[in-house]
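Results of the structural survey
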Amino acid sequence: MYYFLRFLAWIHIRILFKKLYVSGLEHIPKNRPVLFAANHPNSFIDAALVNLSVLPPPYSLARGDVFQKRWLPLFRVLKMLPVYRMEEGREQLGNNQATFEAVEDILHQNESVLIFSEARCIMEKRLRPLRKGTARIAFAAESAKNFELGLQVIPVSINYTYGNQIRSEAMVHFGKSIAVADFRGDFEQNMAVAFRKFNQQLSEALAENLIIIEQPDTEILVERLLPLLRNELHIYALPWLQHQKARLLAEQKLCKGISNLYLNNPVAYQQLNTQAELYWQQLERLQVSDEAVKMKDKSLWIEGLIAPLAIPAVIGAMFNAPPFLLADALAKRTFKNVIEYENSVRFVGLTLFILFIMSLSY
């Protein structure tokens, strides 16, 4: 059952993203317990990307409020464990002890676990302060074996071009491992100091491979310039999965360049901001995209061949809509904030769609 759902998740990811970049897999140690510590911009999709990138797939820790009784059998099949935060109510925090013990047993069996160290899901190009959960789990597992377990923490930096849009792109980088045993001296002298040093090193490792907009005032300009950069890059349809970091480095370079310009040359920054604003206003007035401008030299004969397919596509969408509408209705009844679970709803819709097609074949 797990691998069937994993296959469905792969189909969903393949449809959702037109390109996936994965790098740093060589940093994952073999035959050792591993704690994958990731940032968390995109709910279900973050876990799916990590689980589909590594073998064997890790267990995942997820926010406790989604672990309703009716869904517990499904979560067990998906190798998911609940973590309760203060937001779910102080009375729920005691339930974390059972999860921590389960995670400790998993790591002691040389298996792997995925945790989202920010403990909060927000779609933004920033890294939020890390909670103590990752450190608490890591040191509990390592100290239980007298710091001879060999637990390695792998920072996982997850980036999206447009996280909530279909046919966008994703970048996942697995950073260099952090050995928990290296903090033994600090832990034995002062646990709080060990937690703080560990979180600092993990935070720096995550940020090193994230696309970060440091100044909120520059966010609009950066988001206007990134599509121009992407359209300038030579992106080929195949292979869909690429094991390279060049795309990530290019976008990081642009963000850092704008940040430096904003801090060190306000006049030049304002000029660039004005030019970008005028350019996007012109595109909006003409109702064209920058991608269309970039492709203006190409022949239109391909578009002419594709255009007639719009009619059967619309008809197909009408007949295949019921499973996705059902998923949306279930989400609105289950979750307070449906937008936060948007991609999860799409996954449920895809699953129902496949079952719907299978039922028609009988």
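You'll find the structure just up there.
Here the structure is a predicted model, which means the values were calculated and not measured.

A word on the pattern of salt bridges
This structure, assessed with the given rule, holds nine salt bridges. Lys125 is the partner of Glu223 in a salt bridge, and the nearest nitrogen-oxygen pair spans 3.0 Å. With Glu223 in helix H8 (residues 219–232) and Lys125 in the loop between strand S5 (112–116) and helix H5 (133–144), this pair connects stretches of sequence that are 98 residues apart. Of the residues examined, Lys125 reaches a relative accessible area of 13% and is grouped as buried.

Some thoughts on helix H1 (residues 2–16)
Given a rise of 1.5 Å per residue, 15 residues ought to cover 21 Å, and the 21 Å separating the end C-alpha atoms of H1 matches this to within 8%. Those residues of H1 that sit buried are Tyr2, Leu5, Arg6, Leu8, Ala9, Ile11, His12, Ile13 and Leu16.

Looking at the packing of aromatic side chains
Evaluation of the coordinates by the stated rule reveals 12 aromatic pairs. Seen in terms of ring centroids, Phe183 and Phe198 are 5.8 Å apart; in terms of plane orientation they differ by 75°. Their pairing is edge-to-face. With Phe183 in the loop between strand S8 (178–179) and helix H6 (184–189) and Phe198 in helix H7 (residues 191–208), the pair connects residues that are 15 residues apart, well separated along the chain. We note that Phe183, like Phe198, is buried. Taken together, the aromatic side chains of Phe139, Phe147, Phe183, Phe187, Phe195 and Phe198 make up a single cluster linked through ring pairs. One residue, Lys79, lies across the ring of Tyr59, its end atom 4.6 Å from the ring centre. The ring of Tyr162 has Arg230 lying over it, and the distance from NZ or CZ to the ring centre is 4.9 Å.

Here's the deal with the nonpolar core
Core analysis: the largest hydrophobic core is formed by 31 residues, its most contacted members being Leu35, Ile137, Phe139, Leu151, Val153, Phe198 and Leu202. Each residue touching Leu35, except ones within four places of it in the same chain, is listed here: Val113, Ile115, Thr134, Ile137, Ala138, Leu151, Gln152, Val153 and Ile154. In this structure, Ile13, Ile28, Ala38 and Leu49 belong to the second largest nonpolar core, which totals 25 residues.

A closer look at the environment of Arg247
Within the element layout of this structure, Arg247 appears in helix H9 (residues 246–264). Measuring from C-alpha to C-alpha, the distance between Arg247 and Met171 comes to 8.2 Å, with 76 residues separating the pair along the chain.

The rules behind the values
Residues numbered from 1 in each chain as written. Predicted model: local features only at pLDDT ≥ 70, side-chain atom pairs only at ≥ 80, totals over all residues. Heavy atoms only, no water. Salt bridge = Lys/Arg side-chain N within 4 Å of Asp/Glu carboxyl O. Helix = DSSP H or I, 4+ residues; strand = E, 2+ residues; numbered from the N terminus. Buried < 20%, exposed > 50% of the residue type's maximum accessible area, 1.4 Å probe, protein only. Expected span 1.5 Å × (residues − 1). Phe/Tyr/Trp six-rings, centres within 6.5 Å; stacked < 30°, edge-to-face > 60°. Lys NZ or Arg CZ within 6 Å of the ring centre and 35° of its normal. Core = buried A, V, L, I, M, F, W, Y, C linked by side-chain atoms within 4.5 Å. Contact = heavy atoms within 4.5 Å.

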